[in-house]
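The chain contents come next:
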Amino acid sequence: RAWKRRLLLTSVVIGLGSVLLIAWPRILDRWYDSRDLARGKPWTVSSQSDAGTCVSPAQRCAESPEFFFHTNREKNPWLQIDLESVQTISAATVRNRKGCCQDRVVPLVLEVSVDQEHWSEVARKDDEFGEWKAEFAPTQARWVRLRAEKTTYLHLRRVRILP
């Protein structure tokens, strides 16, 4: 009897652990979404290619599952997000395009501004990435800009700005 109880308890623990392991990425994704200051906020890009892209403020759309925007090939292309008011931010999560061409976005600079004229670099990514979690000292910003520092195309799959 004791052996059967232990086996049942072990099976339940393993089953719950498996469910949690499978569900954890979704739980974490929803938690980040709830904290995302860029969620539903308008964005603009330095140029717009003819590739299918989402319409601001959407960062997910059926027309473009690999990226939500795509610039033309140009010098220092950028994505700019308007938080619509000055916020204190201290982190960003940037997901690169799916499928190909992840090298196009590096080096990638994260800049902030309160007036859209004076920009300060708060983070930089110099090597290829699938997802970049940038953390920096808390800073005030209304606009957040991601800028590739070279002549290239810029396209990203998701950008979250966190307090």
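Our subject is the structure that appears above.
On a predicted model such as this, the values are computed, not experimentally measured, just so you know. (Residues numbered from 1 in each chain as written. Predicted model: local features only at pLDDT ≥ 70, side-chain atom pairs only at ≥ 80, totals over all residues. Heavy atoms only, no water.)

All right, on to the environment of leucine 156 then. Inspection of the secondary structure assignment puts leucine 156 in strand 8 (residues 156–162). Leucine 156 sits in the buried class, given a relative accessible area of 0%. Excluding residues within four positions of it along the chain, leucine 156 makes contact with Phe67, Phe68, Phe69, Leu79, Val94, Arg95, Asn96, Arg97, Val105 and Leu146. (Helix = DSSP H or I, 4+ residues; strand = E, 2+ residues; numbered from the N terminus. Buried < 20%, exposed > 50% of the residue type's maximum accessible area, 1.4 Å probe, protein only. Contact = heavy atoms within 4.5 Å.)

Bringing the packing of aromatic side chains into the picture now. Applying the stated criterion to the full structure yields four aromatic pairs. Look at tryptophan 43 and phenylalanine 69: their rings are 6.2 Å apart centre to centre, the planes differ by 50°, and that puts the pair in the tilted class. Taken together, the residues span a long stretch of sequence, with tryptophan 43 in strand 1 (residues 43–45) and phenylalanine 69 in the loop between strand 1 and strand 2 (74–75) at a distance of 26 residues. Ring centres 6.1 Å apart and planes at 55° place the aromatic pair phenylalanine 129 and tryptophan 132 in the tilted group. Taking the relative accessible area as the measure of exposure, phenylalanine 129 reaches 5% and is therefore buried. With relative accessibility at 7%, the residue tryptophan 132 sits in the buried group. Counting every residue linked through ring pairs, the aromatic cluster contains Trp43, Phe68 and Phe69. The ring of tryptophan 119 carries arginine 145 above its face, with NZ or CZ at 3.9 Å from the centroid. (Phe/Tyr/Trp six-rings, centres within 6.5 Å; stacked < 30°, edge-to-face > 60°. Lys NZ or Arg CZ within 6 Å of the ring centre and 35° of its normal.)

So, about unusual backbone geometry. Cis geometry marks the peptide bond from serine 56 to proline 57, where omega comes out at 10°. As for its position among the elements, proline 57 is in the loop between strand 1 and strand 2. Here the amide bond leading from valine 106 into proline 107 is cis, since omega sits at 0°, within 30 degrees of zero. Summarising the element assignment, proline 107 is placed in the loop between strand 3 (78–96) and strand 4 (108–113). Here glutamate 84, not a glycine, exhibits a phi torsion of approximately 70°, which is positive. Tracing the chain through its elements places glutamate 84 in strand 3. By relative accessible area, glutamate 84 is classed as partly exposed at 46%. Non-glycine residue cysteine 101 carries a positive phi angle of around 65°. Residue cysteine 101 is classed as partly exposed on the basis of its relative accessible area of 22%.

Moving on to the state of the cysteines. Under the criterion given, the structure shown has two disulfides. Through a disulfide, cysteine 54 is tied to cysteine 61; the S-S separation comes to 2.1 Å. Between cysteine 54 and cysteine 61, the S-S dihedral sits near -95°, and the bridge is therefore left-handed. For the residue pair cysteine 54 and cysteine 61, the accessibility class agrees, reading buried in each case. In this model, cysteine 100 is linked to cysteine 101 through a disulfide, with the two sulfur atoms separated by 2.4 Å. Where cysteine 100 bonds to cysteine 101 through sulfur, the torsion about that S-S bond is close to -70°, and the disulfide is left-handed. Of the residues examined, cysteine 100 reaches a relative accessible area of 32% and is grouped as partly exposed. Each bonded cysteine of the protein gets a number by its place in the sequence, and the pairs then read 1-2, 3-4. (Disulfide = S-S within 2.5 Å.)

Pairing of strand 4 with strand 5 (residues 120–125), which is carried by five bridges, proceeds in the antiparallel orientation. Each bridged residue has a counterpart across the sheet, and for leucine 108 the counterpart in strand 5 is lysine 125. Where strand 4 hands over to strand 5, the hairpin turn is made up of six residues, of which glutamine 116 adopts a positive phi near 70°. (Pairing = 2+ DSSP bridges.)

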